[in-house]
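Below, each chain spelled out in residue letters.
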Amino acid sequence: MQIHKKILVKPPTVSTIGNPASWWLPARIDQPELLDLGQGSPGEIQTSLADLGRINRYLGGIEAVTRHLYPRIRTHTGNVSIADIGTGAADLPQNIAQWAKRQPHRPHLIGVDLSAHHLAVARSHTQNFAQINFVQADARELPFQRNSVDYVISSLFIHHLTPEQVVALLRQLFTIARCGLIISDLVRGCLPLWAFKLGQPIFAHSPITRYDGAVSIRRAYTPEEFLALAQAAGLAPVRVYRHWAWRMTLVVDK
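Residues numbered from 1 in each chain as written. Predicted model: local features only at pLDDT ≥ 70, side-chain atom pairs only at ≥ 80, totals over all residues. Heavy atoms only, no water.

Would you mind going over the overall build of the protein chain with me for this structure?
Scanning the protein chain from terminus to terminus reveals 8 helices and 8 strands. At 17 Å, the protein chain has a C-alpha radius of gyration in line with the 18 Å of a compact globule built from 254 residues. Counting only C-alpha atoms, the protein chain reaches 50 × 40 × 40 Å along its principal axes. Within the span of the protein chain, comprising 254 residues, buried residues form 56% of the whole. Contacts in the protein chain between residues at least 24 apart in sequence constitute 80% of all its contacts with a sequence separation of at least 6. Here the protein chain displays about 11,700 Å² of accessible surface, and carbon together with sulfur accounts for 56% of that area. (Helix = DSSP H or I, 4+ residues; strand = E, 2+ residues; numbered from the N terminus. Rg over C-alpha atoms; globule rule 2.2 N^0.38 Å. Buried < 20%, exposed > 50% of the residue type's maximum accessible area, 1.4 Å probe, protein only. Contact = heavy atoms within 4.5 Å. Areas by Shrake-Rupley, 256 points an atom, 1.4 Å probe, with all protein chains shown as cover.)

Written out as structure tokens, the structure reads:
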């Protein structure tokens with residue numbers, strides 16, 4: 001059963017983000033991941049990206065975005081443009097393109113990533129999808145004009161940024177998006193960290209994934225912290241939903 005819940009509690013202030021609330025909520029860390037550092041051979045990177053695709057497919061990462069995106073796409077009468085920030089191996093664009101084959105809409109999808117290695121893997125995975133294009137760019141300086149795409153989406157990217165960087169990025173994405181933002185990520189906590197370690201034999205075949213996955217959970221925010229960052233960025237109306245397998249999704253409609 002899928003679980004999603006809007007967060008209505010009073011969020012923390014940006015200055016207190018990352019402070020531990022109890023024994024089950026570790027302090028947030030800012031520690032680089034191996035994929036961020038570009039470590040690993042092309043084959044090792046591809047194996048790690050395949051792990052991330054498996055995790056997203058079976059542990060709710062794709063649905064945490066698409067369950068909010070698909071109803072919005074259906075309301076459009078014409079074509080829809082979607083930019084996926086930090087696309088990695090383009091798992092999200094591929095899933096959206098597959099879904100669109102059964103729909104009257106044919107969304108134009110743009111995968112954005114800074115890593116040339118990631119984009120090489122993404123292009124190899126999407127050769128049969130002419131509606132998916134890619135842009136190599138730093139998320140802090142995206143090459144998009146104001147209101148240039150309908151929806152900006154992202155998964156497993158926000159935790160790579162400091163609180164100040166998250167605020168700046170959300171402001172930029174809100175300017176770019178014509179219709180709204182749908183941004184999903186992990187939830188920080190001891191329970192997801194323990195669950196990830198137990199599930200490593202199934203989901204994390206790569207040593208890179210095993211290292212990066214644990215670091216990612218420690219770098220992640222809580223739903224309350226994510227809401228506080230969005231409010232600090234001036235986004236409104238903003239909602240944050242909880243999803244199963246310790247995922248959360250921020251949704252902003254313009």
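What is the right way to read the packing of helix α2 (residues 61-74) against helix α3 (residues 91-100) from this model?
When two helices pack together, their arrangement is given by the angle between the helix axes and the distance between those axes. Where α2 contacts α3, the two axes come as close as 11 Å, and the packing angle between them is 40°. As the angle between them shows, α2 and α3 are arranged oblique. For α2 against α3, the interelement crossing comes out right-handed. Here I62, V65, T66, L69, Y70, I73 and R74 of α2 lie close against α3, whose contacting residues are D91, L92, N95, I96 and W99. (Axes fitted to C-alpha atoms, helices over the stretch in contact; angles between N-to-C directions. Parallel < 35°, antiparallel > 145°, perpendicular 65-115°, else oblique. Left-handed = near helix turned anticlockwise from the far one by under 90°.)

Sorry, what's going on with the packing of aromatic side chains here?
Pairs of aromatic rings are described using the distance from one ring centre to the other and the angle between the two planes. Counted according to the given criterion, the structure contains 1 aromatic pair. Relative to W99, the ring of Y70 has its centre 3.8 Å away and its plane inclined at 5°; by these criteria the two rings are stacked. One end of the pair, Y70, is in helix α2; the other, W99, is in helix α3, with 29 residues separating them in the sequence. Take Y70 and W99: they sit in the same class, and that class is buried. Positioned above the aromatic ring of F174 is the side chain of K254, whose terminal nitrogen or guanidinium carbon lies 4.5 Å from the ring centre. (Phe/Tyr/Trp six-rings, centres within 6.5 Å; stacked < 30°, edge-to-face > 60°. Lys NZ or Arg CZ within 6 Å of the ring centre and 35° of its normal.)

Please clarify how a nonpolar patch on the surface should be interpreted in this entry.
On the surface, a cluster of nonpolar side chains totalling about 650 Å² of accessible area is made up of W23, W24, L191, W194 and W246. Among the structural elements, L191 can be located in helix α6 (residues 190-203). Judged by relative accessible area, L191 falls into the partly exposed class, the value being 49%. (Patch = residues over 30% accessible without salt bridge, like charges linked within 9 Å, V, L, I, M, F, W, Y side chains within 5 Å. Salt bridge = Lys/Arg side-chain N within 4 Å of Asp/Glu carboxyl O.)

Got a minute to help me understand the pattern of salt bridges in this structure?
A pair can form between side chains of opposite charge whenever their charged atoms are brought close. Under the defined criterion, the tally for this structure stands at 11 salt bridges. With its nearest N and O atoms 3.6 Å apart, the salt bridge here joins E63 to R67. Taken together, the positions of E63 and R67, both in helix α2 and 4 residues apart, correspond to about one turn of that helix. Assessed through its relative accessible area of 31%, E63 is described here as partly exposed. R67 sits in the partly exposed class, given a relative accessible area of 26%. The partner of D150 in a salt bridge is R178, with the nearest N and O atoms 2.5 Å apart. On the criterion of sequence distance, the pair formed by D150 in strand β5 (residues 149-155) and R178 in strand β6 (residues 177-186) is long-range, its members being 28 residues apart.

Please clarify how α2 should be interpreted in this entry.
Residue pairs spaced three or four apart in an α-helix point in one direction, given the helix's 3.6 residues per turn. The terminal C-alpha atoms of α2, which comprises 14 residues, lie 21 Å apart, in line with the 20 Å expected from a rise of 1.5 Å per residue. Remark: the principal bend of α2, roughly 30°, maps to R67, with a proline, P71, within the next four residues. For α2, every residue scored as buried is listed here: G61, I62, A64, V65, T66, H68, L69, Y70, R72 and I73. (Expected span 1.5 Å × (residues − 1). Bend = angle between axes of the 7 residues up to and from the residue.)

Any chance you could explain α6 here in plain terms?
The end-to-end C-alpha separation of α6 is 18 Å, in line with the 20 Å expected for 14 residues at 1.5 Å each. Where α6 bends most, at K197, the angle is about 40°, and the proline P201 comes one to four residues later. Every buried residue of α6 is listed here: C190, P192, L193, F196, G199, Q200 and F203. Each element contacted by the buried residues of α6 is listed here: α1 (42-58) and α7 (207-219).

Sorry, what's going on with the packing of helix α5 (residues 163-176) against helix α8 (residues 223-232) here?
Where α5 meets α8, the axes come as close as 8 Å, and the angle between the chain directions of the two elements is 55°. The pairing of α5 with α8 is recorded here as oblique in orientation. Crossing of α5 against α8: the hand is right-handed. On the side of α5, the interface is formed by P163, V166, V167, L170 and R171, while α8 contributes F226, L229, A230 and A232.

Just to check I follow, could you spell out the confidence of the model for the protein chain for this structure?
The predicted coordinates ought not to be read in detail in places where the model reports low pLDDT. Of all residues in the protein chain, 94% attain a pLDDT of 70 or more, and the chain-wide mean is 92. Segment residues 5-9: pLDDT under 50, and 13 contacts once partners within four positions in sequence are set aside and those in other chains are kept. (pLDDT = per-residue confidence, 0-100.)

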